[in-house]
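Tertiary structure, described
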Amino acid sequence: MSNIALEVRDLVKTFDLDGTTINAVDDVSFQVRSGEFVALVGPSGSGKTTMLSILAALLTPTSGRVLIDGEDLAQMNEKRRVKLRREKIGFTFQSNNLIPYLTARENVEFMLRLNNTLDRTGRVRSDELLARLGLSDRLHNLPAQMSGGQQQRVAIARALIHNPAVVLADEPTASLDTERAFQVVETFAHLIHEKERAGIMVTHDLRMCQYVDRVLQMQDGKLVREYKSRKEIRELALGVLEH
Amino acid sequence: MKSFFLATYLAVKEVIRNKGRFLLVALVIALITLLVLFIAALGEGLANGNRQYVANLDAQLVVFLEKSDYSISASRLDTNTVKSVRRVDGVADAGPIYTSNTEIVSLPEPLKVSLLGAEAGRPGMPPILEGRAFRGGEAREAVMDRNVALRSNLQIGDMIQIRSTQGTNDEFFDLEIVGLVDGQSYFFQPTIFVPAATWEKIRPQSEAELASDTPYPNIVAVKLVDPAQTDAMSVRLVDKVPNIEVADIATTINTIPGYSAQQGTVQTQGVFTLLIGILVIGGFFQIQILQKVPQIGVLKAIGSSNAVVGLSAVIQIIVVTALGVGIGGTMTYLFSLGFPPTIPLVFNGTRSLFAVILLLLIGPFGGMVSIIYAVRIEPLKALRLG
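Residues numbered from 1 in each chain as written. Chains lettered and ligands numbered in written order. Predicted model: local features only at pLDDT ≥ 70, side-chain atom pairs only at ≥ 80, totals over all residues.

Moving on to the overall build of chain B. Counting its secondary structure elements, chain B contains 12 helices and 10 strands. Rg of the C-alpha trace for chain B: 29 Å, well past the compact-globule value of 21 Å for 386 residues, more than 25% over. Viewed in the frame of its principal axes, chain B has a C-alpha envelope of about 95 × 50 × 35 Å. Split into buried and exposed, the 386 residues of chain B put 42% on the buried side. When contacts within chain B are restricted to residue pairs at least 6 apart in sequence, those whose partners lie at least 24 apart make up 82%. (Helix = DSSP H or I, 4+ residues; strand = E, 2+ residues; numbered from the N terminus. Rg over C-alpha atoms; globule rule 2.2 N^0.38 Å. Buried ≥ 20, exposed ≤ 12 C-beta atoms within 10 Å, placed from the backbone. Contact = placed C-beta atoms within 7 Å.)

Structural data, given as structure tokens:
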């Protein structure tokens, strides 16, 4: 049995909006193991992005605990959080993912630079990962010279190159056409499994859930349902199950 | 140190990959540099034209007629004043200076010059670079500013003719050039030096003045035994010599008519140009940072520290500013080669260096707001929550 890479316990995040308290995340608990790919779904305003921001150590929860690779985010100051993001978390975002003035290779290598681990081996690993993602002929291209799908694949390589404990993806297919979206998520899932990382993908596109191991459904800040079996997940992805 | 290398890496990559955009800003900075350096050179040139002779005096104090408000043209001293000044304890030497204007008419183009009377070997008479000093008495000999000699193709031994209005008539006097001195312009004019008695004879004068043969010096240049004792010696001179007031060289320069106003104007122009530079650079980098908010959010979200983001912005500003100042400095040098010598541009090392340092500082200063803004960008901007 693989170890728990991410643990969320009794997590609460409230916002004060003009005197009204909004429960963006309301008493949520779950775990994600290394090598497991989990989708976080739900309608707009259900708390998915707030949850992702807390998991990414970008937002402090009101109460509850988040443990990444055994380290409690609540016990960390901002400097330590920056270090954690750099070392233990990999990111892909919806858009503006890559540094526009760095080539594909430089974008991926930048994570190694940040972690002070860029050496000859790191460079080789970076090129291999990009080649695995079908980008060996795009190493020296700037993001503006690549398609949206290619950019997302570079972002996936960047999210994985430093072997983080947890990989977080915020709507990674939002700016892609259907065919490319499936390709990107399939590749992503494959690498999560192969490299034994814990992956969490926030998505509103249920079709993408066919590649994940588990689906967590949120509504009004609460975790309302969990889809575990392949059958349930497939039916959800095909639109047979009403979520 | 790691932050510095990362920041340098990001800053340099961005500049290299967006060459056109950054070159455009560098060129704007280059134009501002050109303007600032020319204003500085003009300020120095104008100041030189006005003060050069006084600034180079081999003296620490200048004696004026009492209540003349340290104005050289308004001061007219008694002939015995020089002797009285020399007798005061602590005075090493003193020399009378007689000022007037005239015109050399023997040149292809008539040239207005300051006609200065002085005693050879005394304070007020600059060191001779070539040839010899004039003889005393009414010798029709002159020592000339070397720059004028070069420009006018005059040499030692040549004769010049000057025109002088005596009463209501124009009279012409011939003078032999016997020596050359370094650049000694006074009141925006090159200078020729003659003996006091000659000066009295050939200077332009009114009908009433023609009756007198006695030259009255405008001022007396005083060289002290101890050059550090200017304050004490000023008091002592005023105490011992009647009807005088005493100023140091700096005060004398500042009271040259128009000098302070002119320098103030030039400096104000320079300051405003620098202010415009600050606004231009600040505006550019602020717009750039605003365009890069999501990108900076991503950088911070993936683990870049505020130090990396802030330093990167600072390094970028410094690189672009240095490039702009470098281009501007080169342009200024090339332009200056083509300027005619009549335009008073003097590229003084200290003044130009000061201007360059200020220009290098306006970049970081102008970009300070954008740097602070960049550091404060929340990494949440990378997500849709920001």
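Moving on: the interface of chain A and chain B. Accessible area lost when the parts come together is the quantity often used to give the size of an interface. In this complex, chain A contributes 25 residues to the contact, which on the side of chain B involves 22 residues. Broken down by element, the side of chain A that touches chain B gets its largest block of residues, four residues, from helix 1 (residues 48-55) of chain A.

Residue and element names in this part refer to chain B. Taking 1.5 Å per residue, 18 residues should reach 26 Å; helix 11 (residues 349-366) reaches 25 Å between its end C-alpha atoms and fits that length. Listed as buried for helix 11 are Ala355, Leu359, Ile362, Gly363 and Gly366. The arc enclosing the buried residues of helix 11, seen along the axis, measures out at 100°, which places them on a common side. Across helix 11 from its buried face, at more than 90 degrees, point the exposed residues Gly349, Thr350, Leu353, Phe354 and Ile357. (Expected span 1.5 Å × (residues − 1). Arc of directions from axis to C-beta.)

This part is about the sheet that holds strand 10 (residues 222-227) of chain A. All names here are of chain A. One open sheet accounts for six strands, arranged 6-7-8-3-9-10; its pairing is mixed. Two strands lie at the open edges of the sheet, namely strand 6 (89-92) and strand 10, each paired on one side alone. The mean angle between the axes of side-by-side strands here comes to 20°, regardless of whether they run parallel or antiparallel. Pairing of strand 3 (residues 37-41) with strand 9 (residues 214-219) involves four bridges; the strand directions are parallel. Looking across to strand 9, one finds that alanine 39 is bridged to valine 215. (Pairing = 2+ DSSP bridges. Axes fitted to C-alpha atoms, helices over the stretch in contact; angles between N-to-C directions.)

Residues and elements named next belong to chain B. Looking at chain B, the domain boundaries give domain 1 (2-51 + 260-382) and domain 2 (79-242). Taken together, the contact between domain 1 and domain 2 spans four residues of the former and four residues of the latter. Looking at the side of domain 1 that touches domain 2 residue by residue, the classes come out as one nonpolar, three polar and no charged. (Domains from an automatic or database assignment. Nonpolar A, V, L, I, M, F, W, Y, C, P; charged D, E, K, R; others polar.)

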